[in-house]
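What the coordinates show
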Amino acid sequence: MLLLPSGFYLPLRNSAVKLRQVLVIGFAASAGIELTHLLLGTIIGYHYRIFDVNDLMFNTLGCTIGYACFKWIDPHLPEAIRTAMAGSGNSCPHPSGSSPNSFSTFCQNVSR
């Protein structure tokens, strides 16, 4: 479950990411963490963590659940943002009171 945010973030960052890619990336990241535990335990001579297959499965499952959450929320997110923007006259004030160009551009792109 450690990698649940990764499963949500990957398709958010790149819309071309598919479930199979999320599974492979989640498994590879989890395997890297587990192999690091094994390697460090071997190097220092004290195994404070053990290599556990359950961690591999649950971290990969967490990544997959994050992807499923993204796919569930994604179709509703743009409409919710457009509705919120329309209610405030399509204005998007910056939290600091100023409106820098990059933030204004972001707000204009979101409200389309």
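This write-up is about the structure you can find in this document. These figures come from a predicted structure and were not determined experimentally.

**Focus: the overall build of the protein chain**
Broken down by element type, the protein chain carries five helices and zero strands. Its helices and strands in sequence order give the protein chain the pattern α-α-α-α-α, from N to C terminus. Here the protein chain, with 112 residues, has 19% of them falling under the buried criterion. Across the protein chain, contacts joining residues at least 24 apart in sequence account for 63% of those joining residues at least 6 apart. For the protein chain, the exposed surface amounts to about 7,800 Å²; the carbon and sulfur share of it is 67%.

**Concerning the packing of aromatic side chains**
Scanning all chains against the criterion turns up one aromatic pair. Look at Phe-8 and Phe-70: their rings are 5.5 Å apart centre to centre, the planes differ by 85°, and that puts the pair in the edge-to-face class. Separated by 62 residues along the polypeptide, Phe-8 in helix α1 (residues 4–13) and Phe-70 in helix α3 (residues 53–73) bring together distant segments of the chain. Residue Phe-8 is classed as partly exposed on the basis of its relative accessible area, which comes to 27%. You can call Phe-70 buried: its relative accessible area is 7%.

**Things to note about the nonpolar core**
Leu-3, Val-17, Val-22, Cys-63 and Tyr-67 form the largest nonpolar core, which has five residues in total. When near neighbours in sequence (up to four residues on either side) are disregarded, Cys-63 contacts Leu-3, Leu-4, Ser-6, Gly-7, Val-22 and Gly-26.

**Some thoughts on the environment of Tyr-48**
Looking at where Tyr-48 falls in the secondary structure, it is placed in the loop between α2 (19–44) and α3. Residue Tyr-48 is classed as partly exposed on the basis of its relative accessible area of 44%. With eleven residues separating them along the chain, Tyr-48 and His-37 place their C-alpha atoms 8.1 Å apart. For Tyr-48, the residues in contact, after removing those within four places along its chain, are His-37 and Leu-40.

**Notes on the side chain of Asn-59**
Residue position: Asn-59 is located in helix α3. In this structure the side chain of Asn-59 is engaged in a polar contact, spanning 3.3 Å, whose partner is the backbone nitrogen of Leu-2. Not counting residues within four places of it along the chain, the set of residues in contact with Asn-59 comprises Met-1, Leu-2, Leu-3 and Ser-30.

**A short note on α3**
Between its first and last C-alpha, α3 extends 30 Å over 21 residues, near the 30 Å set by a 1.5 Å rise per residue. The complete set of buried residues in α3 reads Leu-56, Asn-59, Thr-60, Gly-62, Cys-63, Gly-66, Tyr-67 and Phe-70. Summarising the axial view, the buried residues of α3 lie within an arc of 150°, below the 170-degree limit, and thus occupy one face. Contact partners of the buried residues in α3: α1 and α2.

**Re the packing of α1 against α3**
One way to put it is that α1 packs onto α3 with a least axis distance of 6 Å and a crossing angle of 45°. Classified by the angle their axes make, α1 and α3 are oblique. Judged by the twist between their axes, the crossing of α1 over α3 is right-handed. Each of Leu-4, Ser-6, Gly-7, Phe-8, Pro-11 and Leu-12 in α1 lies in contact with α3, whose residues at this interface are Gly-62, Cys-63, Ile-65, Gly-66, Tyr-67, Cys-69, Phe-70 and Ile-73.

Thresholds applied
Residues take numbers from 1 onward in each chain, read along the sequence in its written order. Given that the model is predicted, a residue must reach a pLDDT of at least 70 before its local features are reported, and side-chain atom pairs must reach 80 or more before they are shown or counted; all residues, however, enter totals for whole chains, interfaces and linings. Hydrogens and water molecules were not included; the side-chain quantities draw on all heavy atoms of the structure. Secondary structure elements follow DSSP: runs of H or I of four or more residues count as helices, runs of E of two or more count as strands, with numbering from the N terminus. Remark: exposure states derive from per-residue accessible area (1.4 Å probe, protein chains only) relative to the maximum for the residue type, with buried under 20%, exposed over 50%, and partly exposed in between. Between two residues, a contact is recorded if the distance between any of their heavy atoms is within 4.5 Å. Surface accessibility follows the Shrake-Rupley procedure with a 1.4 Å probe radius. Residue values consider only the protein chains on display as shielding. By convention, a stacked pair of Phe, Tyr or Trp rings (six-membered ring in the case of Trp) has centres within 6.5 Å and planes under 30 degrees apart, an edge-to-face pair has planes over 60 apart, and any other such pair is tilted. Residues grouped as a nonpolar core are buried Ala, Val, Leu, Ile, Met, Phe, Trp, Tyr and Cys residues, joined through side-chain atoms within 4.5 Å. Here a polar contact is recorded for every N or O atom pair within 3.5 Å, except that within protein the pair must consist of a potential hydrogen donor and a potential acceptor, and residues adjacent in sequence are included only if both atoms are side-chain atoms. Here a helix's expected span is defined as the number of its residues, less one, multiplied by 1.5 Å. Comment: arc refers to directions from the helix axis out to C-beta atoms. To get an axis, a line is fitted to the C-alpha atoms, and for a helix only the part in contact is used. The angle between two axes follows their N-to-C directions and goes from 0 to 180 degrees. Each angle receives one of four descriptions, namely roughly parallel if under 35 degrees, roughly antiparallel if over 145, roughly perpendicular if within 65 to 115, and oblique otherwise. In this scheme the handedness of a crossing depends on how the near helix is turned from the far one: anticlockwise by less than a right angle means left-handed, clockwise means right-handed.

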